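What follows is the residue order along each chain.
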Amino acid sequence: MPMNILMVCLGNICRSPLAEGILRTKLTTDFYIDSAGTGGWHVGQSPDVRSIETARNYNIDISHLKARKFSVSDFDTFDHIFVMDQSNYKDVLQLAPDGIAKSKVSLILGPSKEVPDPYYGGQDGFEKVYHLLNQACEEIAKKLKVIP
Ligand code: 4NP
């Protein structure tokens, strides 16, 4: 069954747009995939050039994406909300109106594991993030494609 999946990080310009682009290559187009940030500083901006470049190196185009802020209505729109780190997890859970909303949120690498924020580092950090997200998205796609 196709689902709506949201990737969330802090700024929605480095990690979550990359996660969005990667997951899109692994699922059919009837899955609706989006990303958002818990912070609003970069709303309306394209992904960081280092994320765009990293994605491009793996034949994924994320250059058209635009940052937006996570909204409480996303709990209604999406079936699964994947966050990158503990800080995102705390911020998103704080906005959850009920237990159903809370149950949709999970750390993308699994409990107590984090996708490190590459914003203040170099291109190598983005490459590392790509590999972490590629592995995670492979597993997410495998699970979602299984017919119960
Ligand atoms: P992201 O990275 O959460 O992966 O998009 C960041 C982008 C911007 C900032 C922090 C992290 N910032 O502080 O502006």
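Here, every reference points to the structure presented above.
Thresholds, definitions, all that
Residues numbered from 1 in each chain as written. Predicted model: local features only at pLDDT ≥ 70, side-chain atom pairs only at ≥ 80, totals over all residues. Heavy atoms only, no water. Near = heavy atom within 4 Å. Polar contact = N/O pair within 3.5 Å; in protein donor to acceptor, adjacent residues only side chain to side chain. Areas by Shrake-Rupley, 256 points an atom, 1.4 Å probe, with all protein chains shown as cover. 1 Å grid on protein atoms, 1.4 Å probe; cavity = no way out; pocket = protein on both sides within 12 Å on 5 of 7 lines; lining within 4 Å. Sits in = over half its atoms within 2 Å of the grid points. Nonpolar A, V, L, I, M, F, W, Y, C, P; charged D, E, K, R; others polar. Pairing = 2+ DSSP bridges. Helix = DSSP H or I, 4+ residues; strand = E, 2+ residues; numbered from the N terminus. Axes fitted to C-alpha atoms, helices over the stretch in contact; angles between N-to-C directions. Buried < 20%, exposed > 50% of the residue type's maximum accessible area, 1.4 Å probe, protein only. Contact = heavy atoms within 4.5 Å. Salt bridge = Lys/Arg side-chain N within 4 Å of Asp/Glu carboxyl O. Core = buried A, V, L, I, M, F, W, Y, C linked by side-chain atoms within 4.5 Å. Disulfide = S-S within 2.5 Å.

**Focus on the site of the ligand**
Around the ligand, the structure places Cys9, Leu10, Gly11, Asn12, Ile13, Cys14, Arg15, His42, Asp117, Tyr119 and Tyr120. Here an oxygen atom of the ligand and a backbone polar atom of glycine 11 are 2.8 Å apart. Across the complex, the protein chains shield 91% of the 350 Å² of accessible surface that the ligand would expose by itself. If you map the ligand onto the pockets, it falls in the second largest pocket. Residues belonging to the shell around the ligand are distributed by class as follows: 6 nonpolar, 3 polar and 2 charged.

**Side note on the sheet that holds strand β3 (residues 80–83)**
As summarised here, the arrangement of the 4 strands in space is β2-β1-β3-β4, forming an open sheet in which the pairing is parallel. Where the open sheet ends on each side, the last strands, each with one partner, are β2 (32–37) and β4 (105–107). Each neighbouring strand pair of the sheet contributes to a mean axis angle of 25°, computed without reference to strand direction. Where β3 lies against β4, 3 bridges are found, and the strand directions are parallel.

**So, helix α2 (residues 49–57)**
Buried within α2 are the following residues: Arg50, Ser51, Ile52, Thr54 and Ala55. Against α1 (15–26) and α6 (123–145) lie the buried residues of α2. One or two positions beyond α2, positive phi appears at asparagine 59, with a value near 60°.

**Considerations on the pattern of salt bridges**
Charged atoms that come close allow side chains of opposite charge to pair. By the definition in use, this model includes 8 salt bridges. Between arginine 50 and aspartate 48 there is a salt bridge, with its nearest N and O atoms 2.8 Å apart. The partner of aspartate 74 in a salt bridge is arginine 68, with the nearest N and O atoms 3.0 Å apart. Among the residues examined, aspartate 74 registers a relative accessible area of 4% and is labelled buried. Linked by salt bridges that have partners in common, Asp34, Arg68 and Asp74 make up one network.

**Quick notes on the pairing of β3**
Across 4 bridges, the pairing between strand β1 (residues 4–9) and β3 is parallel. Within the sheet, the bridge partner assigned to methionine 7 lies in β3 and is phenylalanine 82.

**Considering the nonpolar core**
Among the nonpolar cores identified, the biggest contains 29 residues, and Met7, Leu18, Leu23, Leu27, Met84, Ile108 and Leu133 are the most heavily contacted of them. Elements with a minimum of two residues in this core: β1, α1, α2 and α6. If you tally residues by element for this core, the top one is α6, at 8 residues. Those residues within four positions of leucine 27 in sequence are excluded, and the remaining contacts are Ile5, Ile33, Ala141, Leu144 and Lys145. Listed in part, the 13 residues of the second largest apolar core include Ala36, Phe70, Phe78 and Leu107.

**Concerning the state of the cysteines**
Scanning the entire structure with this criterion turns up 0 disulfides. The thiol of cysteine 9 is not disulfide-bonded; the next cysteine sulfur, from cysteine 14, is found 6.9 Å away.

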